[in-house]
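# Fold and contact review
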Amino acid sequence: MRRSLELVGLAALPLAVLGVFFLLPVSGMVSEGFVTDGRFDPGGVLEVLGRPRVHRVLWFTVWSSTVATLLAVLLGLPVAHLLHRRRFWGRRALRSLLLVPFVLPTVVVGVAFRELIGEAGPLGFLGLDGSAVAIVAGLVFFNVAVVIRAVGAAWESLDPRPAEAAAALGAGPAHVFRTVTLPALRPAIVSAASVVFLFCATAFGVVLTLGGLRYSSVETEIYLLTTNLLDLQAAAALSILQLLAITALLVVTGRLRAVPDPALARSTRRPPRPAPGDWPGLVATGLVLLLVGAPVAALVAGSLRVGDAWSLGNYRALTGEGTQHALLASATDALVTSLRTAVDATWMSLSLGVLVTVVVTRRSRTRGERRARGLLDGLFMLPLGVSAVTLGFGFLITLDRPPLDLRDSPLLVPIAQALVALPLVVRTLVPVLGGIDDRQRQAAASLGAGPLRTFATVDLPAMWRPLTAAAGFAFAVSLGEFGATSFLAREDHPTLPIVIYHLIGHPGAMNYGMALAASVVLATTTALVMLAVDRLRVPSVGAF
Amino acid sequence: MRPIHALAPLAPLVALALAATGCSTIGNGSSGDESTASPGGEPGRVVLVTHESFSLPKPLIKQFEQQSGYDLVVRASGDAGILTNKLVLTKGDPLGDVAFGIDNTFASRALDEGVFAPYDAPLPDGADQYRLPGDDEHDLTPIDNASVCVNVDDTWFADHHLAPPKTLDDLAAPEYQGLFVTPGAATSSPGLAFLLSTIAAYGEDGWQDYWARLMENGTKLTAGWSDAYEVDFTQGGGQGDRPIVLSYDSSPAFTVADGESSTSALLDTCFRQVEYAGVLDGAANPAGAEQLVDFLLSPEVQAALPESMYVFPVDSSVQLPKEWARFAKQPSDPFSVDPASIDEHRDEWLREWTDVTSR
């Protein structure tokens, strides 16, 4: 009885937030599609699901996301090993750099990618422009950091002794990896992969800009149906399809994630330097750096060109008075707005994320309890799988009267961003917290520690590393978020991505250069913040 | 156990402290929205709902606030399509008092849904020609216009000793094979405007054939305007290799170097987009709303439009910026399609267009 009360108590706040800011708006918007001329009419929605175009869109979404997820995991794993289990100069900088794609506005990256692979670009001979290969490459570009960071955080705290024991008993490196390391990392890998899949399946800008017009995914289709055609019936049908697909995915990953004995021993040792045996990590890191670096380099180079000469003019223009007309707000003001919003979104998603993680990782005593916890776990992943337009329009039509008259609240933007980041936070924390032996908590309790103190002495030290990783994710997601923000942002305080979209959407060589320069500023800021967050944990490294 | 862990539970408090000290959006930013009740007991503010491209110089906004006595609150997000659909979905419980930015490709939808209340604003010289056909009640007031036209890179054509194209037909001619890039109609608003140009030019049964010829002639389609102009166009930021692009009549004013523009717009290929403002039905402050519509028509705002929003004023007596006056030529007789017809056929046309172009 007390346990279920505790469960309800901890889950209350996250559930309330999710209910008001996600379930209510989305169900409001979807139900619009079920009503034709004031009458409940589910037939129309079902009819939409039978259209051949819907099947094509769904098939493309599934296969492109699956391939991109597989590639991200295959590339990400060796890089995670190198960057989190080996010690070398600059690895922190590398880690922060790899998060940069996360905040880059897709329109700008799309342009940078296309400058490389387009007809006139240096890689134009490959004929990739507008192809599915380009879309998959773009998806991997944006998401490989999730695998590296989330799996890396788990790998870093993995006890190396079982692997060493296996090696001492004569197992080769591949054998050790397959039989010892991989099973221990499985929860983290599956977690990261499921988030990456969701990000890929709901990617919007990448599919549009890199796929030209040949490909459409469920997400781009919902966008066009809602904003262009106001075909709410079809949009509702696709939204429901999305939700069903995600639920199925969550069930599958829930099964895969479960490990027989999750007890995770934590490592306290200083990582060794890279050795020749680390070649897979070195090769993969090289590949990832190339994939991430080439478009970023194109971006930086573009931002430094004014006319045919090298110049810092684009950067000066960002703060200058002369071309102020072109900017909604100066890029420096917008950067401050972005950072402030990101601080809010980060603490919101971390507080909610920690509560959710604690709720879903506590060992269940009964089958019903386990079900309830599993259900909650899945529920908080859903925001990733719903289109930003659906959510945005939903806000407008459901949060419009007291006590929930929130349409004008300045809180909407950070809350929307926190909801997008929440699944990442939860998925980063769950594998680690789930791996803590419950007996440690029991021991603490039997020594007289209350629940809070138990949490502070047992759970928190283990969570520290993944918590900083999650904070980095939340911050980066918030800084780069465009879909929901563009829907909600208010004119007097646009965020930097909004300003960048505005710049790149208008003629004038200067606007283009300024958009690139502003993107570089955004990317640099992110990298620096990530570096600082990584530094934050230095004092705690030796402590457990 | 080191002290760091004793401090760790304080992290949320630190976050709260950050929030309280201004490293946060909470606690500031809303001060401008507070109603400062005016003597008559009327609401002290007027709320403008608009798209993300809305931008006016700050001094102008101050001027309006001083003259009218209202605080001006601007809510800008999304594009014209999103704006229209927002207004339709919140009909009767509007997001503000005035909407600005609905154009003639979406206006019918809003009119049919009864989103606006009639207001017959006194129009400046020359603005009458921009009224929305079918808007007999005067729900909407024209504020600005810009035409979507095919642009050519004159330098490229001079270098290649080729006469640039002039008409829509030319774009499908063999000498211009593989030179044209345009954003697609399904994913971009100028793209849709270009499709409407071709529908006006070749008729409801003839445009499909024209597009088939265009595609056969190596026309490249991109998702958005920036992809076409910045990446593939020879004069764009990315220095692509296609010298013909779909853009705006004002674009040549942005490619000026050494007193000459390197591009020009083909004025026989244009579709005119007019942006309207209207008082929202159910507005909290209808009197303030009408003042705001008048303000958008004032000579000061009309003169600021080109540089703030890249559009032409509807007031013909307003002086254009120097480079606009020289290089941004407007079409005298652009193509047009009845707004009601656009609204009725949009879905069907886009589907047909997608079929023709993805063959």
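Residues numbered from 1 in each chain as written. Chains lettered and ligands numbered in written order. Predicted model: local features only at pLDDT ≥ 70, side-chain atom pairs only at ≥ 80, totals over all residues. Heavy atoms only, no water.

### Description of the overall build of chain B
Within chain B one finds 14 helices and 12 strands. With 359 residues in all, chain B has 58% of them scored as buried. If you take every contact in chain B between residues at least 6 apart in sequence, the share linking residues at least 24 apart comes to 74%. (Helix = DSSP H or I, 4+ residues; strand = E, 2+ residues; numbered from the N terminus. Buried < 20%, exposed > 50% of the residue type's maximum accessible area, 1.4 Å probe, protein only. Contact = heavy atoms within 4.5 Å.)

### Some words on the nonpolar core
Inside soluble globular proteins, nonpolar side chains tend to come together where they are buried. If you look at the biggest cluster of nonpolar residues, it comprises 267 residues, and the most contacted ones within it are Phe116(B) and Trp211(B). Take this core: its biggest share by element is 17 residues, from helix α6 (residues 132-156) of chain A. In contact with Phe116(B), not counting residues within four places along its chain, are Leu87(B), Ala99(B), Ile102(B), Ala110(B), Leu111(B), Asp139(B), Leu140(B), Gly278(B), Val279(B), Leu280(B) and Asp281(B). (Core = buried A, V, L, I, M, F, W, Y, C linked by side-chain atoms within 4.5 Å.)

### Concerning the state of the cysteines
Residues and elements named next belong to chain B. Applying the stated rule across the entire model yields 1 disulfide over all chains. The disulfide partner of cysteine 149 is cysteine 270, and the gap between their sulfur atoms is 2.0 Å. Across the disulfide from cysteine 149 to cysteine 270, rotation about the S-S bond amounts to roughly 115°, and the bridge is consequently right-handed. Linking cysteine 149 in strand β5 (residues 141-153) with cysteine 270 in strand β11 (residues 263-280), this pair joins segments that are 121 residues apart in sequence. The residues cysteine 149 and cysteine 270 share a single accessibility class, namely buried. (Disulfide = S-S within 2.5 Å.)

### A few points about the confidence of the model for chain A
Residue and element names in this part refer to chain A. Overall, the predicted model of chain A reaches an average pLDDT of 82, with 93% of residues at or above 70. Within chain A, the lowest mean pLDDT, 38, falls on helix α23 (residues 538-541), and the highest, 91, falls on helix α3 (residues 52-85). A low-confidence stretch, residues 538-544 stays under pLDDT 50, and its non-local contacts, those more than four residues away or across chains, total 14 contacts. (pLDDT = per-residue confidence, 0-100.)

### Structural notes on the packing of aromatic side chains
Summed over all chains, the structure comprises 22 aromatic pairs over all chains. For the ring pair Phe141(A) and Phe142(A), a centre distance of 5.1 Å and an interplane angle of 85° mean the geometry is edge-to-face. A relative accessible area of 1% means that Phe141(A) is categorised as buried. For Phe142(A), a relative accessible area of 11% translates into the label buried. Between the aromatic rings of Phe180(B) and Phe194(B), the centroid separation amounts to 5.7 Å while the plane-to-plane angle is 70°, which identifies the pairing as edge-to-face. Placement of Phe180(B) in strand β6 (residues 180-183) and of Phe194(B) in helix α8 (residues 189-202) is noted, with a sequence separation of 14 residues between them. In terms of burial, Phe180(B) and Phe194(B) fall into one category: buried. By way of ring pairs, the aromatic residues Phe180(B), Phe194(B), Trp211(B) and Trp353(B) are connected into one cluster. A cation over an aromatic ring shows up here: Arg305(A) above the ring of Trp310(A), its NZ or CZ 4.4 Å from the ring centre. Of note, Arg346(B) hangs over the ring of Phe106(B), and the distance from its end group to the ring centre comes to 4.2 Å. (Phe/Tyr/Trp six-rings, centres within 6.5 Å; stacked < 30°, edge-to-face > 60°. Lys NZ or Arg CZ within 6 Å of the ring centre and 35° of its normal.)

### A look at the packing of helix α14 (residues 331-361) of chain A against helix α21 (residues 496-504) of chain A
Angle between the axes and distance between the axes are the two parameters that describe a pair of packed helices. Residue and element names in this part refer to chain A. As a packed pair, α14 and α21 sit with axes 7 Å apart at the nearest point and diverge in direction by 140°. Taken together, the axis directions place α14 and α21 in an arrangement best described as oblique. Packed against α14, whose contacting residues are Ala331, Ala334, Leu335 and Ser338, the element α21 presents Leu496, Pro497 and Val499 at the interface. Considering only residue class, the contact of α14 with α21 consists of 6 nonpolar, 1 polar and no charged. (Axes fitted to C-alpha atoms, helices over the stretch in contact; angles between N-to-C directions. Parallel < 35°, antiparallel > 145°, perpendicular 65-115°, else oblique. Nonpolar A, V, L, I, M, F, W, Y, C, P; charged D, E, K, R; others polar.)

### Considerations on the environment of Glu219(A)
Residues and elements named next belong to chain A. Structurally, glutamate 219 is set in helix α10 (residues 218-227). A C-alpha to C-alpha distance of 15 Å links glutamate 219 and leucine 229, two positions 10 residues apart in sequence. Not counting residues within four places of it along the chain, the set of residues in contact with glutamate 219 comprises Ala201, Thr202, Ala203, Phe204, Gln242, Ser387 and Ala388. Looking at glutamate 219, its side chain comes within polar contact range of the side chain of glutamine 242, at 3.0 Å. (Polar contact = N/O pair within 3.5 Å; in protein donor to acceptor, adjacent residues only side chain to side chain.)

### A closer look at helix α18 (residues 438-446) of chain A
All names here are of chain A. Residues of α18 that are buried include every one of Asp438, Arg441 and Ala444, and no others. What you see down the axis of α18 is that its buried residues fit within an arc of 120°, all on one side. Exposed and facing more than 90 degrees away from the buried side of α18 are Arg439 and Ser446. Buried residues belonging to α18 abut α17 (412-434) and α19 (451-480). (Arc of directions from axis to C-beta.)

### A few points about the pairing of strand β2 (residues 71-76) of chain B
Residues and elements named next belong to chain B. Across the 6 residues of β2, 5 count as buried, placing the element largely inside the fold. Looking at chain direction, strand β1 (residues 45-50) and β2 are connected through 6 bridges and run parallel. Looking at β2, one finds that arginine 45 is bridged to aspartate 71. Each parallel crossover has a hand, and the one from β1 via helix α3 (residues 58-68) to β2 is right-handed. (Pairing = 2+ DSSP bridges. Right-handed = clockwise from strand over helix to strand, strands pointing away.)

### Examining the side chain of Asn104(B)
Residue and element names in this part refer to chain B. On the secondary structure map, asparagine 104 appears in the loop between β3 (98-103) and α5 (107-112). Classification of asparagine 104 as buried rests on a relative accessible area of 10%. There is a polar contact of 2.9 Å between the side chain of asparagine 104 and the backbone oxygen of arginine 272. Only 3.0 Å separates the side chain of asparagine 104 from the backbone nitrogen of valine 274, close enough to count as a polar contact. Contacts of asparagine 104, omitting those with residues within four sequence positions, involve Leu132, Phe271, Arg272, Gln273, Val274, Tyr276, Pro339 and Ile342.

### Regarding helix α11 (residues 286-296) of chain B
Every buried residue of α11(B) is accounted for by Gly288(B), Ala289(B), Leu292(B), Val293(B), Phe295(B) and Leu296(B). Projected onto a plane normal to the axis of α11(B), the buried residues spread over an arc of 155° and lie on a single side.

### Notes on the confidence of the model for chain B
Residue and element names in this part refer to chain B. Mean pLDDT over chain B: 86, with 88% of residues reaching 70 or higher. Segment residues 1-17 is flagged for pLDDT under 50; beyond a separation of four residues in sequence, or across chains, it makes 13 contacts in the model. Note on residues 27-41: pLDDT is under 50 here. Beyond four places in sequence and across chains, it has 17 contacts. What the predictor reports for the complex is a pTM of 0.83 with an ipTM of 0.80.

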